[in-house]
Amino acid sequence: MATHRLNSMEVKKMNRNAIYRYLYHRESTSIQEIAQALGLSLPTVTQNLKELQERGLIEETGLYESTGGRKAKSLACNRVAGYAVGLDVTLNHVGIVVIDLSGRIIKNVRNHYPFANEETYFRGVGKLVEDFIEACQLDRSQILGVGIALPAILSGDRQTVSYATVIDFKGGSVRRFAEYIPYPCVLSNDANAAGLTELWGEQDIHNVVYLSLNNSVGGAIIVGNQIYAGQNYRSGEFGHMTILPGGRTCYCGQKGCVDAYCTARLLSDSTGGSIVEFFRLLGEGKKEQQAIWQEYVGYLVITVNNLRMLYDCDVILGGYAGAYMEEYIDDLQALAASKNTFEQDGSYLRVCKYKLEATAVGAALELVTEFIDSI
Ligand SMILES: [Zn+2]
């Protein structure tokens, strides 16, 4: 690796960025705490805080109680200094969220709007976004951009779609959306976006595997807080691991894929497409749903155990089916543990924290990440 001596501008930016991140992860802090934690001098910290404050990125939140001498100012990030919009584009819907810099959802809406690879569709999405922003009454100059999550595999630069079967958008480009959305646009893979959402703000967990249980099964592998993309940007396609040789035919054409056994559709088909209704009836102890659940869980825990063996990290059950599994997590953990060669404890398995629009939030967080990096 080439060595590069940082110039004073670069050092300044690094310090400013480190100070902002330190504040970002705390409710409030003081100049003294920052200086001590980051090993910077008080004048350096003071100068940087002044700059950040002038840019509206941080604010004074009061004074610390002190036993003597001058009271220290308490400082915090201004979480509403910017907003990002996220879209979850699915076969039949467009979910839209706006989040603040902390990742908190300000507002969300889910529109029934079937995907079509046509001009009218993209113009319509632009209108949905515009109407949504209008309804949120946000200052447009504070909108960082729009993240768009797709059920598709993206090219390395994330400008185009290299593989898509759920929506007819193979070869599609971010430009199709951007033409009707007057903000910077970035694409994300849907499961990767949801996986990143789960790790957002976590300071102690850096590696997870996210198993996305939607009408198609996917996932994300996150190592050191970064998506492991793979050689062809197809990592985490857990839905197409073979779980039963010669088994049920998957939508991909192969036999015995995880998707054919763990799609959320297997649950919601028994309740007219409603996953909420499935879990309601299951909770009431309805025989039909119990039988479906039992079979489903059998394959799910094999998949989970395989993921644990491969990655040796926490496994998160996500997607809209995963979001309802909290009530059954003890059973799922016990079953997963019973398959495990090394451990008797299944606590590595958990249910996603974000139950609402995790994918759209993750798409929006891409813009927040870019913004924070740029500070
Ligand atoms: Zn398959």
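Structure shown above.
The notes below deal with the structure included here. (Residues numbered from 1 in each chain as written. Predicted model: local features only at pLDDT ≥ 70, side-chain atom pairs only at ≥ 80, totals over all residues. Heavy atoms only, no water.)

### Some words on the side chain of asparagine 78
Here's step 1: Its location among the elements puts asparagine 78 in the loop between strand S2 (73–77) and strand S3 (83–89).
Here's step 2: Sequence-distant contacts of asparagine 78, that is, excluding residues within four places in its chain, are made with Gly56, Leu57, Ile58, Glu59 and Leu101. (Helix = DSSP H or I, 4+ residues; strand = E, 2+ residues; numbered from the N terminus. Contact = heavy atoms within 4.5 Å.)

### Structural notes on the packing of aromatic side chains
Here's step 1: As enumerated under the stated definition, the model contains 18 aromatic pairs in all.
Here's step 2: Ring centres of phenylalanine 122 and phenylalanine 169 lie 5.6 Å apart, and the angle between their planes is 35 degrees; on these two criteria the pair is classed as tilted. Of this pair, phenylalanine 122 sits in helix H4 (residues 119–136) while phenylalanine 169 sits in the loop between strand S8 (161–163) and helix H5 (174–178), and the two are 47 residues apart along the sequence.
Here's step 3: A ring pair is formed by phenylalanine 279 and tyrosine 324, whose centres lie 5.5 Å apart and whose planes are at 15 degrees; its orientation type is stacked. One end of the pair, phenylalanine 279, is in helix H9 (residues 275–283); the other, tyrosine 324, is in the loop between helix H11 (319–322) and helix H12 (329–338), with 45 residues separating them in the sequence.
Here's step 4: Every member of this aromatic cluster is reached through a ring pair, and the members are Tyr113, Phe115, Tyr121, Phe122, Phe169 and Phe177.
Here's step 5: The cationic tip of arginine 26 hangs over the ring face of tyrosine 22; the distance from NZ or CZ to the ring centre is 3.7 Å.
Here's step 6: Just above the ring of tyrosine 24 sits the side chain of arginine 79; from NZ or CZ to the centre is 5.3 Å. (Phe/Tyr/Trp six-rings, centres within 6.5 Å; stacked < 30°, edge-to-face > 60°. Lys NZ or Arg CZ within 6 Å of the ring centre and 35° of its normal.)

### Re the pairing of S2
Here's step 1: Of all 5 residues making up S2, 4 are buried, and the element is well covered by its neighbours.
Here's step 2: Here strand S1 (residues 58–63) runs beside S2; their pairing, made up of 5 bridges, is antiparallel. Of the residues in S2, the one forming a bridge with isoleucine 58 is cysteine 77. (Buried < 20%, exposed > 50% of the residue type's maximum accessible area, 1.4 Å probe, protein only. Pairing = 2+ DSSP bridges.)

### Observations concerning the pattern of salt bridges
Here's step 1: In this structure the tally under the stated criterion is 22 salt bridges.
Here's step 2: One salt bridge in this structure joins arginine 140 and glutamate 130, with 2.3 Å as the shortest N-O distance. Placement of arginine 140 in the loop between H4 and strand S6 (143–150) and of glutamate 130 in helix H4 is noted, with a sequence separation of 10 residues between them.
Here's step 3: Notably, a salt bridge pairs arginine 308 with glutamate 343, separated by 2.6 Å at the nearest N-O pair. Of this pair, arginine 308 sits in helix H10 (residues 287–311) while glutamate 343 is found in the loop between H12 and strand S14 (349–351), placing the two residues 35 residues apart along the sequence.
Here's step 4: Judged by its relative accessible area of 11%, arginine 308 is buried.
Here's step 5: A residue is classified by how much of its surface remains accessible, and glutamate 343, at 22% relative accessible area, is partly exposed.
Here's step 6: Connected via shared salt-bridge partners are Glu277, Arg280, Glu284 and Lys286. (Salt bridge = Lys/Arg side-chain N within 4 Å of Asp/Glu carboxyl O.)

### Comments concerning the coordination of the zinc ion
Here's step 1: Each protein donor to the zinc ion is listed here as His240 (ND1), Cys250 (SG), Cys252 (SG) and Cys257 (SG); together their distances run 2.1 to 2.4 Å.
Here's step 2: Taken together, the 4 donor atoms coordinating the zinc ion and their angles of 101 to 121 degrees define a geometry best described as tetrahedral.
Here's step 3: Site description for the zinc ion: donor spacing in sequence, H-x9-C-x1-C-x4-C.
Here's step 4: On the basis of relative accessibility, which here comes to 4%, the residue cysteine 250 falls in the buried class.
Here's step 5: Given the relative accessible area of 31%, cysteine 252 is considered partly exposed. (Donors = N, O, S within 2.8 Å, 3.2 Å for Na, K, Ca; no water. Tetrahedral: all angles 85-135°; square planar, octahedral: opposite > 155°, others 65-115°.)

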